[in-house]
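# Chain and residue survey
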Protein chains: 2
Amino acid sequence: MTTMDNPVRNGVDTATLFATLDAVKGNTDIAKFQFRATNRWVSGTHSQSTIHGFYGAMQEMTHRQPWTFDADHPAVLVGADNGPTPVEFVLHALAACLTAGLANIAAARGVNLTEVESTVEGDIDLLGILGLADEVRNGYEQIKVSFKLRGDDPDKLRSLVDQSRRRSAVFDIVTNGVPVA
Amino acid sequence: MTTMDNPVRNGVDTATLFATLDAVKGNTDIAKFQFRATNRWVSGTHSQSTIHGFYGAMQEMTHRQPWTFDADHPAVLVGADNGPTPVEFVLHALAACLTAGLANIAAARGVNLTEVESTVEGDIDLLGILGLADEVRNGYEQIKVSFKLRGDDPDKLRSLVDQSRRRSAVFDIVTNGVPVA
């Protein structure tokens, strides 16, 4: 059966996923990646980033197309609302990373998913970035993530969320911090 | 002169910027914001986030339109490359936040900008998220940001970058971590 030769679950090609894991075990240099974004200021708080090239699997690579993303502040924060705020993109990144991990882990464990939805909320007190209160941090004070999953039995689904959090790049970046030079 | 009544520098409406600061000083509750993203899994590592509503200035607000963003893994990471990876959106967020801050700070200081470009690079060893090495973290090991500015004299421009880093929400989130529930 084709499904035995190339089993796809939740849209994840598990055969290729396991082959990739084996390849990396054979040569750990394959796992060293560098991702990049370039950004160009437009006007005021409006800027645009392009994401295209990256390094990985021991070579320079590109996504199949360059993507551009606008960021801005809304009018209430003295911007022109040409795109989401930078801090909202962090919430998108966190939700997307946990969700991709969930789908991969479910596929690897043979768990079927039919629906995954999440909401991410970040509380921020702008007294920090406005320089009006030294004791208030610039970034989010807290972030809350809620998941709603449908698929195989609830206990299996719940453990997917836990494991996804344990293996999420963005969750680690956001909770543990990264040295920035 | 109109430019005295409503001075705009670098595309930043400085009169409104200072009025906003005064308003916040008068009632610090205005500065309490909550940003949100909702995410829906599509297939495999592909998901889509929507960013629209937020809370701020003591009321529920919306951006002037809902924005949607796809995230995925590239083929080399067993995805279908329907969008950037979640970790690349973090780099975009960081560049956009520092750039918006730069423009605001320059305007407040009366410094003219003509060009701002930045590149953000994040190094990540995927042995972490693949679960193949306990000592390797899941997220970026380091992030490097480079800025190229044109405008008023170089010393003033350099100090803008420093101040922008000191007042950046995303820089704080990425370097210092945030509690995630």
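This write-up is about the structure you can find in this document. This is a predicted model, so every value here is computed, not measured. (Residues numbered from 1 in each chain as written. Chains lettered and ligands numbered in written order. Predicted model: local features only at pLDDT ≥ 70, side-chain atom pairs only at ≥ 80, totals over all residues. Heavy atoms only, no water.)

Further remarks concern the overall build of chain A. Each helix and strand counted, chain A has five helices and seven strands in total. When the helices and strands of chain A are listed from N to C terminus, the series reads α-β-β-α-β-β-β-α-β-β-α-α. Seen along its three principal axes, the alpha-carbon backbone of chain A occupies a region of about 65 × 40 × 30 Å. The buried share among the 181 residues of chain A stands at 50%. Carbon and sulfur atoms make up 49% of the accessible area of chain A, which totals about 7,800 Å². Looking at charge distribution, chain A has the averaged site of its 16 positive side-chain charges lying 8 Å from that of its 22 negative ones. (Helix = DSSP H or I, 4+ residues; strand = E, 2+ residues; numbered from the N terminus. Buried < 20%, exposed > 50% of the residue type's maximum accessible area, 1.4 Å probe, protein only. Areas by Shrake-Rupley, 256 points an atom, 1.4 Å probe, with all protein chains shown as cover. Lys, Arg positive; Asp, Glu negative; His and termini not counted. Charge placed at Lys NZ, Arg CZ, Asp CG, Glu CD.)

Moving on, we get to the packing of helix 5 (residues 169-176) of chain A against helix 3 (residues 86-109) of chain B. Running from amino to carboxyl end, helix 5 of chain A crosses helix 3 of chain B at an angle of 35°, the nearest separation of the two axes being 8 Å. Contacts from Ala169, Val170 and Ile173 of chain A of helix 5 of chain A reach helix 3 of chain B at Pro86, Val87 and Val90 of chain B. Here the residues of the contact of helix 5 of chain A with helix 3 of chain B sort into six nonpolar, no polar and no charged. (Axes fitted to C-alpha atoms, helices over the stretch in contact; angles between N-to-C directions. Contact = heavy atoms within 4.5 Å. Nonpolar A, V, L, I, M, F, W, Y, C, P; charged D, E, K, R; others polar.)

With that settled, the discussion passes to the relation of the copies chain A and chain B. Note that the two copies of the chain are related through a rotation about an axis and a translation along the same axis. Superposition record for chain A on chain B: RMSD 0.0 Å, screw rotation 180°, translation along axis 0.0 Å. What the superposition gives is, in effect, a two-fold axis relating one chain to the other. Closest to the rotation axis within chain A is the C-alpha of Gly177 of chain A, separated from it by 2.2 Å. An overlap of 100% is found between the interface residues of chain A and their copies at the interface of chain B, pointing to a shared contact surface. (Least-squares fit on C-alpha atoms with pLDDT ≥ 70 in both.)

Now for the environment of Gln163 of chain A. Residues and elements named next belong to chain A. Counting through the fold element by element, Gln163 comes out in helix 4 (residues 154-166). The sequence separation of Gln163 and Gln48 amounts to 115 residues, and the corresponding C-alpha distance is 34 Å. With residues near it in sequence (within four places) discarded, Gln163 still touches Ile105 and Arg109.

Packing of helix 3 (residues 86-109) of chain A against helix 3 of chain B brings their axes to within 8 Å, and their N-to-C directions diverge by 170°. The angle between helix 3 of chain A and helix 3 of chain B falls in the class roughly antiparallel. Along the contact surface, helix 3 of chain A presents Pro86, Phe89, Val90, His92, Ala93, Ala96 and Cys97 of chain A, while helix 3 of chain B presents Pro86, Phe89, Val90, His92, Ala93, Ala96 and Cys97 of chain B. Class assignment for the residues of the contact of helix 3 of chain A with helix 3 of chain B results in twelve nonpolar, two polar and no charged. (Parallel < 35°, antiparallel > 145°, perpendicular 65-115°, else oblique.)

This part covers the environment of Gln48 of chain B. All names here are of chain B. Summarising the element assignment, Gln48 is placed in strand 4 (residues 46-56). The exposure class assigned to Gln48 is partly exposed, which follows from its relative accessible area of 21%. The spatial distance from the C-alpha of Gln48 to the C-alpha of Phe69 is 5.5 Å, given a sequence separation of 21 residues. Setting aside residues up to four positions removed in sequence, Gln48 forms contacts with Thr38, Asn39, Arg40, Val42, Thr68, Phe69 and Asp70. Separated by 3.4 Å, the side chains of Gln48 and Asp70 make a polar contact. (Polar contact = N/O pair within 3.5 Å; in protein donor to acceptor, adjacent residues only side chain to side chain.)

Glancing now at the pattern of salt bridges. A side chain of one charge can pair with a side chain of the opposite charge if their charged atoms are brought near each other. Inspection of every chain in the model, using the stated rule, returns 16 salt bridges over all chains. Here Asp125 of chain A and Lys32 of chain B are joined by a salt bridge, their closest N and O atoms 3.7 Å apart. Of the two residues, Asp125 of chain A sits in strand 6 (residues 113-125) while Lys32 of chain B sits in strand 3 (residues 32-43), which places them in two different chains. One salt bridge connects Arg137 of chain A with Asp172 of chain B, and the closest N-O pair in it is separated by 2.8 Å. (Salt bridge = Lys/Arg side-chain N within 4 Å of Asp/Glu carboxyl O.)

Now for the nonpolar core. Grouped together as the largest cluster of nonpolar side chains are 74 residues, with contacts concentrated most on Ile143 of chain A together with Ile143 of chain B. Sequence-distant contacts of Ile143 of chain A, defined by excluding residues within four places in its chain, comprise Leu91, Leu94, Val120, Glu121, Gly122 and Val174 of chain A together with Val178, Pro179, Val180 and Ala181 of chain B. (Core = buried A, V, L, I, M, F, W, Y, C linked by side-chain atoms within 4.5 Å.)

Pairing between strand 3 (residues 32-43) of chain A and strand 6 (residues 113-125) of chain B: nine bridges, direction antiparallel. Bridging from a neighbouring strand, Phe35 of chain A pairs with Gly122 of chain B of strand 6 of chain B. Looking at chain direction, strand 6 of chain B and strand 7 (residues 142-151) of chain B are connected through ten bridges and run antiparallel. In the sheet register, Val116 of chain B faces strand 7 of chain B, and the bridge partner there is Leu149 of chain B. (Pairing = 2+ DSSP bridges.)

Turning our eyes to something else, we now look at the side chain of Asn39 of chain B. Relative to the elements of secondary structure, Asn39 of chain B occurs in strand 3. The class of Asn39 of chain B is buried, set by a relative accessible area of 3%. A polar contact is formed between the side chain of Asn39 of chain B and the side chain of Ser47 of chain B, at a distance of 3.0 Å. With near-sequence residues (within four places) excluded, Asn39 of chain B lies in contact with Ala95, Ala96, Thr99, Val116, Glu117 and Ser118 of chain A together with Ser47, Gln48 and Ser49 of chain B.

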